[in-house]
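Structural characterization, general
Next come the chains, spelled out residue by residue.
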Amino acid sequence: MAEEKKTTAKGKARAKRVEEKDKVKAGKPESTGGAPVGAVMVVGGGVGGIQASLELANLGYKVYLVDSSPSIGGVMGMLDKTFPTNECSMCILSPKMVEVASNINIEVITLADVLSVEGEPGDMRVRLRIRPRYVDIDKCTGCGDCTAKCPVKIPDPYNAGLDMTRCIRVPFPQAVPGAAVIEGEVCRYINKGKCGNCVKVCQAGAIDFEQKEKEEIYSVGMVIASPGYKPFDASRKTEYGYGVYDNVVTSLEFERILGANGPTQGHVVRPSDGREVKKLAFVQCVGSRDVTVGNGYCSSVCCMYATKQALIAKEHLSSIEPTIFFIDMRAYGKDFEKYYVNAEAKFGVRYVRGLVSGIRERQRTKNLLLRYADEDGCTREEEFDLVVLSIGLEAPCGLKEGLGVEVNGYGFAEADSFLPVLSSKPGVLVCGAAQEPKDIPDTVTQATAAAGMASQALHGARNTLLTRREHPPERDVSGEEPRVGAIICRCGSNIGGFVDVPAVVEYARGLPGVVFAEERLYACSQDAQEWIRQVVDEHKLNRLVVASCTPRTHQPLFRETLQSAGVNKYLFEMANIREHCSWVHMKEPENATRKAQYLVKMAVEKARRLEPLAEGESEVIPRGLVIGGGVAGMNAALNLARSGFQVYLVEKEGELGGLARNIRFNRDGADVQEYLRGLVEAVEREELITVFKGHRVVDVSGFVGQFKTLVRDGEGRETLLEHGAVIVATGGGQYQPAEYRYGEDGHVLTQWELEERIAEKDGSLKEAKRVVMIQCVGSREEERPYCSKVCCTEAVKNALALKELSPSTEVFVLYRDIRTYGFREDLYREAREAGVVFVRFDDDARPEVREVAGALQVRVPDANLGNETVVLNADLVVLSVGVTANPDNAELAPMLKVPRNAEGFFLEAHMKLRPVDFATDGVFVCGLAHAPKSIEESVAQAAAAAARAESVLCKDRIVTEGVVAVVDAERCSGCRICVELCPFEAITYDADRRVAVVNPSLCKGCGTCTAACTAGASRLQGFRSDQIFEQIEAAASAWWD
Amino acid sequence: MAEESATRNEDDIRILAFLCNWCSYAGADLAGVSRLQYPAKVLDVRVMCTGTISPYFVIKAFQEGMDGVLIAGCHIGDCHYLKGNYMTAKRFQVLREALKFLGIEEGRLRLEWVSAAEGEKYAEVIRSFTEEIEKLGPSPLRRKRAEVGA
Amino acid sequence: MSDLKDLVREKLKDGVDAFLCLKDEEGTLLPALITDADSPELELVEAGGARYPMGKILIDLLREYPGKRFAVLVRGCDERALVELSKLEQVDLDRLVMVGLACTAEEARACGCTRPYPSEIALGEKAEAAPGRETIEEVEALSEAERLRWWKEQFSRCIKCYGCRNVCPMCFCKDCALENPHLVEPGVIPPEFPSFHVIRALDMTGRCVDCGLCEEACPADIPLRSLYRKMQEIMEEKLGYRAGESPDEKSPLSFLGSEQDIEKLEREQ
């Protein structure tokens, strides 16, 4: 390790790889029968794998992140926007990728496939096959000179093959690793021995044609599989003409067309002639809900992504008229229904309920004729400019063969009924779309859950394989005059080719405070770091400026170098003279040189005023608090306890169990009550859990790491609990119907009441000749404009159970859309096969339940028959009532300083990437408190929330960033605007001193508070206004130099 | 440098751009990676969030003689800090109207939302803003060269 | 209509610890605190006449005498200042009893006040508001270049006496941006354009209650009130807020707000 301290991050990665290999070769003696191995291999580097890796590193484990492609990022990296917030996909993913790249405990292994997994949990061996990249990632700087000279054109996989790239290229601008790759199969040098242009132009000497495919064995404690999915091959649906007609594209291709960074820069144009699109069609369920192609399941995400793509297309080009042809609109997730309703009502997206049976191309115009059956069953044809096939998600390769986990009939990983991240193989956890098609938040949730479950198995080995950077003590520079060193990077020819680097060096030497200025060919190279350390030492530098590329990727490296030279890492500033200068002013070298000089001057002026910043620390009370003792809360508590932490579990009722007490069996028939009994027993047996039944939370104070919560029982006795993290699992409620004669007629039941009778094998059910179920009772309506997600599945599940119990009973399900997403679709199909009749009604023509001659009669306008009323006499009417938010949330939210949405559910920090976090650190959410969801989804979310809480509790101290706001008490007038403005509740008002106080443990360093403080009392460290004023002055004065 | 200075045109315009770290600075990075060309008359200041841009910064830039000031941040809803850019949007409205009333052409101050994926948009913003400022000419607030002692 | 002396007595008897009003000190009206209902000083109190930044005085008084309650004679502008100062947490309205004084028609006209009376009037008659927009209109009628020249000329008279700031009831910063050498170069008179006056105008946006004391105090006759008034118009038009009016509503520049608010703002732009 001693030697590592001197190497760069990239160098370190290599060193560790070798070290790890040696260990395996040496037989790894400590692995037999001893403590578990504190490392995890994550297979698949999409958003799930990235999330799991970051979580695991945070929880104290060494991570190997394996991806079969040349960069991590997965499909999310190709998406333009994400639903239902229309947020830019790359904007939120790229920071996570950079985080992976700069985390020394995550080793990214690309172009690798898993050949086998062997061993027991805690001691697993994974054999990898690693294909050659032909580029040394430690040397490659990602400059792109090679691409410019490569003669071999290939379709660009990042742009779904819609445009061309070269055989050697960085996969995409944000790629991690940010190194080039050569496609061996088409490379002219490899195949014909000619060319070698890349070798000639690469000034870093990174091209390595000697690389060979190799196999390596890695020793880890657990494996998390997150291989994602395989997009359905649209050409298999020959009737749609994909691959034949130019203007039929897949949704993934269309995503790239929409991308501002895609082949058309987001212009919605046709591949055939580049003409702007007016009439745009989306064909849903291509390769989904389709037994003819072997995919009986629903792909879960297509309805929403098509809606998103239609919206974004309209946003790009308002004249576009998008039409979505669908069967059932499956807008079942949090805020999906509103998104769908708005798309139709506000943004003019046209939805046509009907399956497209075929597509023809008009030869001359290359327009497309879509043939479909409309709601009335009539066949129609309509012409479009461009057709997008909403392709489904198929199981990825390698689940069974490589990872050795059992798969279901569709090839997805078999999963536990209650905790779907558990695969059939001990030691291997599965998350994301490989387990079942799912969207980004559910993938992130499962990935976090899987990281937590891995930690449960390995917590005895926590922190054993982590590499910690150690640095010499910091030199005290206070009182010293600024002595700035300026390093100007040539970046090979990337900067040096357009900017007169010696002139910039000369200019830098003349700037006030600069005592040293030199150029380097590659400032980021390993040997340059050593050189910088020597320079800092020799010249007694106390500020460092590097003029090279973007600080977003390279600042961590240089800060690290400065720190290793014994100087506070915040005494560093970068000038981006590559991305923001040489690369964008290639045709005006004189101006580029001048601009580079000014950028350096600005950096120097700021650097002169930088001060050393301390990274704060605060202690962590290693105990968790879980509020709510239902399935989610109990699971969260158990997970935390099993990872070695003490937990307080507070339940307002006298019994544990929550809403699940009303559910008898799961959709796959698993006995929920048996599961619940086991869970309650486990909680009550667990020594680390203290249960407070009949208690309510009455007050919460403190912050992440150090909360104080007061709980009170029915008799007013209070207990003060001290803990480091909170998990909110307050559950939800059930809509209490007043409609459809519920409560008036004993033959009108809820699904739960029916389920109870089915479970008890109630004889009266067999006598019922006809049962009518009504969907969306209390859901998708004005007062509760959301889908309750579970009721469709509940209805088909109970319909099937009813049919099994009494095959002669007729069952009708009156519905608006059947939302049996994922494998739930199988139940829907089975129900239809079993003779259950589904009748669709429109939102504005709801069924009626009457009493006619002492019997129940249901009248429903059948939307598929032109709203002709169908009259059904029923022995039982069963209402699928919606899920409601727990009213207690209103009381709890202000205590925890966390928000709720309009429907009363808690609002997470970020819909996509932080589904169980709140913006307030140390507080997490799971289960129905967050949104309606099924039991297994609640259990997965509970495991995720527990993992997030564990990441707080597993640390002795919370280390805070140096770039945080501070309030100068001398200047503060106590107006409290900053308290109000802070998005993270990090500022409080100290009434005794009459000043605002920033809690550095909560501050994220945005500086929103600083701009509002007219007294200048609130300042953002590292971005103080006096520093920015100096930059402005430097920028302005530069023109006069 | 003396030689170069001689060739420089006093009418050259200069633009200061405040870019938020997470979206617009990244968008500018992407413009670079994509080798999108735009005029070299813009210098940028990286801030963590546009929410930290005090109106003072803009006033200071104009006072120092900048001909145009660009503020670029995450689209509404995309803010890395959730809502920091809300304040930017509000402050900008006030600031622009104030400048207008004072007789400083409103076109000299611009607010744009540029995401990390919008390299092309960033380049286009710089191109069109440069063009606009060139049309407006040097700022009337520029100090005479003699005054700054150069 | 009551007499001021009776009102002061009444409030003091009702448990208020002191009454802040104006008192005749040898021909000059000065702010004074009356603490004793039987004090002979009562004979010297006056309603009307001079104006002082009562809000500013109360910030200090409330701080200096924690736990004490004050009554204060307020004009419309004083009330607006106190309401706004309470939102900025500088005064505690629970410890204040405001006794409303309506300005005379003559005062209102001379002042060009937007609302020359407080919400509850104890003394005087409500006079019509007579806000003048002439200067604003005059400036708006000019071309951009002329406008700039006009303002530069106005500001060129500034002698940096800081009178506008010192008299302003809404200025309470412990460290003033006008004294930040990065913004206002020390020793340079007149201050550079646009720094000094525009910095102040921006800081006053959503805060200025249009009392006009700044313009009264300015020895150089700079039309400060028109500048700040325009800023309030901008604030009202763009962000729908008027300082000093509703006690329950805060300046949109002091809270984050919702995405809908911002989307609306951008649409209307």
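Residues numbered from 1 in each chain as written. Chains lettered and ligands numbered in written order. Predicted model: local features only at pLDDT ≥ 70, side-chain atom pairs only at ≥ 80, totals over all residues. Heavy atoms only, no water.

For chain A, the helix and strand inventory stands at 27 helices and 52 strands. Based on the C-alpha atoms only, the size of chain A along its principal axes is roughly 100 × 80 × 65 Å. Relative to its full complement of 1041 residues, chain A shows a buried share of 63%. Excluding contacts between residues fewer than 6 apart, the proportion of contacts in chain A whose partners are at least 24 apart in sequence is 70%. As displayed, chain A has an accessible area near 37500 Å², and 48% of this comes from carbon and sulfur atoms. (Helix = DSSP H or I, 4+ residues; strand = E, 2+ residues; numbered from the N terminus. Buried < 20%, exposed > 50% of the residue type's maximum accessible area, 1.4 Å probe, protein only. Contact = heavy atoms within 4.5 Å. Areas by Shrake-Rupley, 256 points an atom, 1.4 Å probe, with all protein chains shown as cover.)

All names here are of chain A. Looking at where Ser288 falls in the secondary structure, it is placed in the loop between β16 (279-286) and α8 (302-316). A relative accessible area of 3% places Ser288 in the buried class. Polar side-chain contacts of Ser288 include one of 2.7 Å to the side chain of Ser299. (Polar contact = N/O pair within 3.5 Å; in protein donor to acceptor, adjacent residues only side chain to side chain.)

Counting residues at the interface gives 19 residues for chain C and 20 residues for chain A. Buried surface at the junction of chain C and chain A, both sides included, amounts to about 1700 Å², of which 55% is carbon and sulfur. In this assembly, chain C and chain A are joined by two salt bridges. The closest approach of N and O atoms between Arg971 of chain A and Asp175 of chain C, which form a salt bridge, is 2.7 Å. The interface formed by chain C and chain A includes six residue pairs in polar contact (both at pLDDT 80 or more). Counted by class, the side of chain C that touches chain A contains eight nonpolar, four polar and seven charged residues. (Buried area = accessible area lost by both parts, 1.4 Å probe. Salt bridge = Lys/Arg side-chain N within 4 Å of Asp/Glu carboxyl O. Nonpolar A, V, L, I, M, F, W, Y, C, P; charged D, E, K, R; others polar.)

Bringing the sheet that holds strand β6 (residues 112-120) of chain A into the picture now. All names here are of chain A. The antiparallel open sheet is built from three strands, whose spatial order is β6-β7-β12. This sheet does not close on itself; its edge strands, each paired only once, are β6 and β12 (214-220). Across the sheet, the axes of successive neighbouring strands diverge by a mean angle of 20 degrees, strand direction being ignored. For strand β7 (residues 123-130) and β12, the ladder comprises seven bridges, and the chain directions are antiparallel. Counted as the bridge partner of Met124 is Val220 from β12. (Pairing = 2+ DSSP bridges. Axes fitted to C-alpha atoms, helices over the stretch in contact; angles between N-to-C directions.)

A word on the pattern of salt bridges. Counted by the stated rule, this structure contains 125 salt bridges over all chains. Put simply, Arg14 of chain B and Asp67 of chain B hold a salt bridge, and the shortest N to O gap is 3.4 Å. A residue pair is termed long-range when its members are at least 10 positions apart, and Arg14 of chain B in the loop between α1 (2-7) and β1 (15-20) and Asp67 of chain B in the loop between α3 (55-63) and β3 (68-73) qualify at 53 residues. For the pair shown, Arg14 of chain B and Asp67 of chain B are each scored as buried. Arg225 of chain C serves as the salt-bridge partner of Asp210 of chain C, at 2.8 Å between the closest nitrogen and oxygen. On the criterion of sequence distance, the pair formed by Asp210 of chain C in the loop between α8 (195-203) and α9 (213-217) and Arg225 of chain C in helix α10 (residues 224-239) is long-range, its members being 15 residues apart. Via salt bridges that share partners, Glu436, Arg667, Lys789, Arg824, Glu936 and Glu937 of chain A belong to a single interconnected network.

Listed as interface residues are 63 residues of chain A and, on the opposing side, 66 residues of chain B. A buried area of about 5600 Å², summed over both sides, lies between chain A and chain B, and 63% of it is on carbon and sulfur atoms. Our enumeration of links across chain A and chain B arrives at two salt bridges. In this structure, the salt-bridge partner of Asp29 of chain B is Arg552 of chain A, at a minimum N-O distance of 3.7 Å. If you look at where chain A meets chain B, you find 20 residue pairs in polar contact (both at pLDDT 80 or more). For the side of chain A that touches chain B, the secondary-structure elements that each account for two or more residues are β4 (87-88), α3 (89-102), α14 (551-564), α15 (578-582), α16 (589-608), α26 (1008-1012) and α27 (1025-1038) of chain A. No other element matches α27 of chain A, which puts nine residues into the side of chain A that touches chain B. Each residue belonging to the side of chain A that touches chain B can be placed in one class, and the counts come to 33 nonpolar, 19 polar and eleven charged.

Moving on, we come to the environment of Glu783 of chain A. As for its position among the elements, Glu783 of chain A is in the loop between β39 (770-777) and α21 (791-805). Taking the relative accessible area as the measure of exposure, Glu783 of chain A reaches 64% and is therefore exposed.

Following the criterion strictly, the structure yields 35 aromatic pairs over all chains and no others. Consider the rings of Tyr786 of chain A and Phe905 of chain A, whose centres lie 5.4 Å apart with planes at 85 degrees: the pair is edge-to-face. Residue Tyr786 of chain A is located in the loop between β39 and α21, and its partner Phe905 of chain A is located in the loop between α23 (889-896) and β47 (923-925); the two are separated by 119 residues in the primary sequence. For Phe905 of chain A, a relative accessible area of 2% puts it in the buried group. Clustering of aromatic rings is evident, with ring pairs tying together Phe101 of chain B together with Trp150, Trp151, Phe155 and Phe193 of chain C. Directly above the aromatic system of Trp531 of chain A lies the positively charged group of Arg520 of chain A, at a separation of 4.5 Å from the ring centroid. The positively charged end of Lys912 of chain A is found above the aromatic ring belonging to Phe83 of chain A, 4.2 Å away from the centroid. (Phe/Tyr/Trp six-rings, centres within 6.5 Å; stacked < 30°, edge-to-face > 60°. Lys NZ or Arg CZ within 6 Å of the ring centre and 35° of its normal.)

It is worth spelling out helix α9 (residues 336-345) of chain A at this point. Residues and elements named next belong to chain A. What α9 keeps buried is the set Phe336, Glu337, Tyr339, Tyr340 and Ala343. With its buried residues spanning 160 degrees around the axis, α9 presents them on a single face. If you follow the buried residues of α9, they end up packed against α8 and β18 (350-353). (Arc of directions from axis to C-beta.)

On to the packing of helix α5 (residues 134-141) of chain C against helix α6 (residues 144-155) of chain C, then. Residues and elements named next belong to chain C. Between α5 and α6, the least distance of the axes is 8 Å, while the angle of their chain directions is 135 degrees. It follows that α5 is oblique to α6 by the angle criterion. Contacts between α5 and α6 involve Thr135, Glu138, Val139 and Glu140 on the former and, on the latter, Arg147, Trp150 and Trp151. (Parallel < 35°, antiparallel > 145°, perpendicular 65-115°, else oblique.)

A few words now on the packing of α16 of chain A against α27 of chain A. Residues and elements named next belong to chain A. Contact geometry for α16 and α27: axes closest at 8 Å, N-to-C directions at 150 degrees. Comparing their axes, α27 and α16 come out roughly antiparallel. α16 and α27 meet at a crossing whose hand is right-handed. Mapping the contact onto sequence places Tyr598, Lys601, Met602, Glu605 and Lys606 in α16 and Gln1027, Glu1030, Gln1031, Ala1034, Ala1035, Ser1037 and Ala1038 in α27. Taken together, the residues of the contact of α16 with α27 break down into five nonpolar, three polar and four charged. (Left-handed = near helix turned anticlockwise from the far one by under 90°.)

Turning to the sheet that holds strand β2 (residues 42-47) of chain B, a few remarks are in order. Backbone hydrogen bonds are what pair the strands of a sheet, in a parallel or an antiparallel way. Residues and elements named next belong to chain B. An order of β2-β1-β3-β4 is seen for the four strands of this open sheet, with the pairing classed as parallel. Unpaired on one side and paired on the other, β2 and β4 (109-113) mark the two borders of the sheet. Each neighbouring strand pair of the sheet contributes to a mean axis angle of 20 degrees, computed without reference to strand direction. Sitting on the sheet, helix α5 (residues 119-136) is in contact with β1, β2, β3 and β4, with an inclination near 165 degrees to β4.

What follows concerns the confidence of the model for chain B. All names here are of chain B. In the predicted model, chain B carries a mean pLDDT of 89, and the fraction of residues at 70 or more is 89%. Confidence drops under a pLDDT of 50 for residues 1-7, and excluding neighbours within four residues, the segment shows five contacts in the predicted structure. In the predicted assembly, ipTM is 0.95 and pTM is 0.83. (pLDDT = per-residue confidence, 0-100.)

The omega torsion of the bond from Ile189 of chain C to Pro190 of chain C falls at -10 degrees, within 30 degrees of zero and hence cis. Structurally, Pro190 of chain C is set in the loop between α7 (163-167) and α8. Going from Phe193 of chain C to Pro194 of chain C, the amide bond is cis rather than trans, its omega being 0 degrees. Relative to the helices and strands, Pro194 of chain C resides in the loop between α7 and α8. Positioned with a positive phi, Arg289 of chain A is a non-glycine residue whose angle comes to about 50 degrees. Relative to the assigned elements, Arg289 of chain A resides in the loop between β16 and α8. Of note, the phi angle at Tyr162 of chain C is positive, near 65 degrees, even though the residue is not glycine. Counting through the fold element by element, Tyr162 of chain C comes out in the loop between α6 and α7.

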